[in-house]
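One letter stands for each residue in the lines below.
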Amino acid sequence: MTNALSKLLDTNDAILADGATGTNLFNMGLQSGDAPELWNVDAPEKIKALYQGSVDAGSDLFLTNTFGGTSARLKLHDAQNRVGELNRIGAELGREVADKAGRPVVVAGSVGPTGEIMEPVGSLSHSEAVEMFHEQAAALKEGGVDVLWVETISAPEEFRAAAEAFALADMPWCGTMSFDTAGRTMMGVTSADLAQLVETLPNPPIAFGANCGTGASDILRTVLGFGAQGTERPLISKGNAGIPKYVDGHIHYDGTPELMGQYAAMARDAGATIIGGCCGTMPDHLRKMREALDTTSRGERPTLEQITDALGPFTSASDGTGDDAAPERRARRRRRA
Ligand SMILES: [Zn+2]
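Keep in mind that what you see is a predicted model, and the values were worked out from it rather than measured. (Residues numbered from 1 in each chain as written. Predicted model: local features only at pLDDT ≥ 70, side-chain atom pairs only at ≥ 80, totals over all residues. Heavy atoms only, no water.)

1. Digging into the coordination of the zinc ion
Consideration 1: The coordination sphere of the zinc ion contains the protein donors Cys212 (SG), Cys278 (SG) and Cys279 (SG), at a distance range of 2.2 to 2.3 Å.
Consideration 2: Counting the intervening residues between successive donors of the zinc ion yields the motif C-x65-C-C.
Consideration 3: On the basis of relative accessible area, cysteine 278 is assigned to the buried category, the value being 12%. (Donors = N, O, S within 2.8 Å, 3.2 Å for Na, K, Ca; no water. Buried < 20%, exposed > 50% of the residue type's maximum accessible area, 1.4 Å probe, protein only.)

This is the structure in C-alpha cells:
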C-alpha cells in the first residue's frame, strides 16, 4: 500500500480527521439552501480557511468541500454541468493547504449521497449512480486528493455503486454511513450489515465506519457493533458534537470541546482508528480531541454504561440489531419487494 492514508495508518495508533463542513461554512456566511460547492470557485479563500482550521487544530486528514458534488445534487442549483470544475478545484485547494502543513496531512475527496432513491425502491438505476459517482471521483482525482471518501450514505445499493465508481477511477477509498434512525440508517442498515457489506466488495475500502447520525454516545455504540463482527479493517468514527436540537429555528449542537475530547479517546477505546467529528464540530472541539488522543493511550473497550456515563444517554433504546429492533421502514421495504 503506497497511498498517503495507508502510510499514516501504518505509523499511528489513531489519526484525527476533521469536523463539520456545513456548520463552519454557515458561520462564514453560507446561507441555508446555497450549494457550498460553488464557494470552491466563488470564495476559495473561505474554503482554504475551512481546511486550514482543521490542519491548525491538529487534524491528520480533512475532507474536501465536495459533499454535494454529484450532478444529481448540483442540478438543484442548476450547476449540473460544473461537476468537473467544482470538484477539481475543491480538491486543488485542499492539496494546497495540505502540502504546506509541514507534516503529512491526507486530503480526502468527499462524496455524499446523490439525494435520489435507487432502484428497486426509487428510480435511480445502478448504472446511472455509478456514472455520477465516477464523474465526481475522476474530478477529485484530477484535483489531487489522496483518497476518496463516501459519507452519510443510508442505502447499501448506493454504497455499492460508489465503490464500483471508485474502482473505475482507480482510487483507494473510505466509506461511512449515517446511523440516524434508532441505530440503523434511514434505509434500515445496521452496523453488522455494513461490516459484512464491505467484505463483499471487489475493491473493499481502506477503512469504513459511521458519520453524523445522532449523538456521540450513539455513534460509539455503532462502532462497538462493527467490532463485534470481527472486522480487521480500520474503523472510522465521525460523530456530531452533541445531539442536534432545534433552537430558535436553526439546528444547534450542544457538545462542548471537553465532551468531544472524551468522545475521541473513547472512540479509540471502542476500536476506531480514524476519529473525527461531524455536524457542530468546530476547530475548538478538534483541538481538545487532538489533545485527548495525544495525552492518553488506547484503553479497554468501554461498556455501554461507561459510554453513557461519560457522554450522555443514547437517543434510542436499541442499536438497531436484534429481532425486536426492526424499524418500520425495513418492514415496509420488505413488503414492497
Ligand atoms: Zn453531520
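2. Some words on the sheet that holds strand E10 (residues 272–277)
Hydrogen bonds between backbone atoms are what pair the strands of a sheet, whose relative direction is either parallel or antiparallel.
Consideration 1: Strands sit in the order E1-E10-E7-E6-E5-E4-E3-E2 across an open sheet of eight strands; the sheet is parallel. With one partner strand each, in any of the chains shown, strand E1 (15–16) and strand E2 (61–63) form the two edges of the open sheet.
Consideration 2: With five bridges joining them, strand E6 (residues 207–212) and strand E7 (residues 235–239) adopt parallel strand pairing. Its bridge partner being in E7, cysteine 212 is matched across the sheet by glycine 239.
Consideration 3: Sheet contacts for helix H7 (residues 126–142): strand E3 (106–111) and strand E4 (147–153); angle to E3, the most-contacted strand, approximately 160 degrees.
Consideration 4: Contacting E6, E7 and E10, helix H10 (residues 216–228) crosses the sheet at an angle of about 170 degrees to E7. (Pairing = 2+ DSSP bridges. Helix = DSSP H or I, 4+ residues; strand = E, 2+ residues; numbered from the N terminus. Contact = heavy atoms within 4.5 Å. Axes fitted to C-alpha atoms, helices over the stretch in contact; angles between N-to-C directions.)

3. Some details on the packing of aromatic side chains
Consideration 1: Taken as a whole and judged by the stated rule, the model has five aromatic pairs.
Consideration 2: Between the aromatic rings of tyrosine 51 and phenylalanine 62, the centroid separation amounts to 4.7 Å while the plane-to-plane angle is 25 degrees, which identifies the pairing as stacked. Here the residue tyrosine 51 occupies a position in helix H4 (residues 44–57), and phenylalanine 62 occupies one in strand E2, the gap between them amounting to 11 residues.
Consideration 3: Centre to centre, the rings of phenylalanine 179 and phenylalanine 226 are 5.8 Å apart; their planes meet at 70 degrees, and the pair counts as edge-to-face. Separated by 47 residues along the polypeptide, phenylalanine 179 in the loop between strand E5 (173–177) and helix H9 (191–199) and phenylalanine 226 in helix H10 bring together distant segments of the chain. Of the two residues examined, phenylalanine 179 and phenylalanine 226, each falls in the buried class. (Phe/Tyr/Trp six-rings, centres within 6.5 Å; stacked < 30°, edge-to-face > 60°.)

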